[in-house]
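As a plain string of letters, each chain reads:
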Amino acid sequence: MACALRVEAQLLYMRVGIIGNYGHNNNGDEAILLGILSQLEVIGIPKEEVVVFSNHPAITTKQYNVKAVPLVIKKGTAASSALATIKAAKHIMKDLELVIIGGGGLLMDMYRRDAPLYSMLGTTAKKCGCKLIIHSVGAGPIRTVVGKFFLKRIVNAADHVSVRDVPSQQLIASISNRKDIKVVADPAFAIPMPPKRKHTERLTKIGMTAAPYYSQQYWPVHDESKYQQYIQGMAFAADQLIETHDATITFFSTKYPQDIEVSKDIQALMTHQERTTIIDQQLLPHDIMRVSSEQDLIIGTRLHSLILSVTVGTPVIGVEYHHKVRHFMESIDESSYSLEIGKHGNGIVTLINDIQSHWNETQQRVAHKSSKLHRESFKSLEKIEWLHDHSVQKRQESDGGQPHEHLCLSERKS
């Protein structure tokens, strides 16, 4: 209780904007937002001082009890929409001190809007006098001249840049020539008080997440042969694990309902459908962590199904629908448990056989990494020197210039 009172006495009263792909039914992105809110709270910035730029502000406000405004203002043409978006952003940002472009694969040009949108909003924040942080983002693919222009523009405008993996750091540095890019853990690792998985004697309960890889309904470019190869490999692996390890398979999603539609396609190809369960509902980040903590292992295509599973201490195998999956697995020194699509069917079976033979060691290793990543991510914003100095100054001002104890929220929630 005493700790909570100290937190209340030390609030910074810094108005902060958070920009990202929020309010879009992608609960990997929602986990990122939840983690950033937690990281801000550690340095004394409460939710009441935060405004989130969201695809659906009403959803974000309801879910997090924060103020939310539209990320994009849609008008008749692209140019009209851009002008309206900048005007609305200026109206909000003139009252902010700090803007965070936070988490996720935001610096890429695979989707046409991303590079110009985030660059435009970041440079608008600087023109409004805000400090600008690019925080724990993933970068790439960047394949176009336009994409490179916008990435370089926003990176060089930022006061601080951090990324979630070394390849993102290398890509951004090569395009922007910026040398001070930090590598930090994904903000989702900072979600406070996640459930923790209990160790088991054998590996029998397996969770799976599927992404609509090259599917007609979702992917920027449809390729039916690649989609079929992907789902057939997942179905083959699931059947083999049921037969050889007496396993049960639970399908769940981080992007609803698209991932569940793919899960149903995988299930339809299986021989042992009766040993599978599909959680056909929207799962928020804490729901995903709860489901993951109830499994022995997660075979994840979606990146944040892997991140949230590791957060609760559940071992993972990554299926590389996007390079960010391999980059994450490399960042936690688990790259030997990451598989290219095309090799994932037999590859999953081989890896499960290996993990089963070293099951206790695997569980202990992942549990240790989970605790370490949680501690590091929880304080990643606190490590930004000028933000920390501002925190100290504000706390002293609020306390009549008197020094006092450092914020202990991280210790209370770790």
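Residues numbered from 1 in each chain as written. Predicted model: local features only at pLDDT ≥ 70, side-chain atom pairs only at ≥ 80, totals over all residues. Heavy atoms only, no water.

Bringing the overall build of the chain into the picture now. Assigned secondary structure in the chain consists of 16 helices and 13 strands. Here the C-alpha atoms of the chain give a radius of gyration of 22 Å, agreeing with the 22 Å that 2.2 N^0.38 yields for 414 residues. Along the first, second and third principal axes, the C-alpha atoms of the chain reach 65 × 55 × 40 Å. Taken over 414 residues, the chain has a buried fraction of 58%. For the chain, restricting intrachain contacts to residue pairs at least 6 apart in sequence, the fraction spanning at least 24 positions comes to 71%. For the chain, the exposed surface amounts to about 17,400 Å²; the carbon and sulfur share of it is 51%. Charge centroids of the chain, computed over 47 positive and 43 negative side chains, lie 7 Å from each other. (Helix = DSSP H or I, 4+ residues; strand = E, 2+ residues; numbered from the N terminus. Rg over C-alpha atoms; globule rule 2.2 N^0.38 Å. Buried < 20%, exposed > 50% of the residue type's maximum accessible area, 1.4 Å probe, protein only. Contact = heavy atoms within 4.5 Å. Areas by Shrake-Rupley, 256 points an atom, 1.4 Å probe, with all protein chains shown as cover. Lys, Arg positive; Asp, Glu negative; His and termini not counted. Charge placed at Lys NZ, Arg CZ, Asp CG, Glu CD.)

Before going further, it helps to spend a moment on helix 10 (residues 285-293). Inspection of helix 10 places P285, I288, M289, V291, S292 and S293 among the buried residues, and these make up the whole buried set. The inward-facing, buried residues of helix 10 contact helix 2 (27-42), helix 3 (57-64), strand 11 (297-300) and helix 11 (303-311).

Formed by 83 residues in total, the largest nonpolar core has its most connected members in L40 and I299. With near-sequence residues (within four places) excluded, I299 lies in contact with I206, G207, M208, T209, M234, L241, I317, V319 and I348. Formed by 33 residues, the second largest nonpolar core is a distinct cluster that contains L117, L132, I154 and I175. (Core = buried A, V, L, I, M, F, W, Y, C linked by side-chain atoms within 4.5 Å.)

The next thing to look at is the packing of helix 11 against helix 12 (residues 323-331). Running from N to C, helix 11 and helix 12 point in directions that differ by 20°, and their axes come no closer than 9 Å. Comparing their axes, helix 12 and helix 11 come out roughly parallel. Residues L303, L306, I307 and V310 of helix 11 form the contact with helix 12, whose own contacting residues are K324, V325, F328 and M329. Of the residues that constitute the contact of helix 11 with helix 12, the class distribution is seven nonpolar, no polar and one charged. (Axes fitted to C-alpha atoms, helices over the stretch in contact; angles between N-to-C directions. Parallel < 35°, antiparallel > 145°, perpendicular 65-115°, else oblique. Nonpolar A, V, L, I, M, F, W, Y, C, P; charged D, E, K, R; others polar.)

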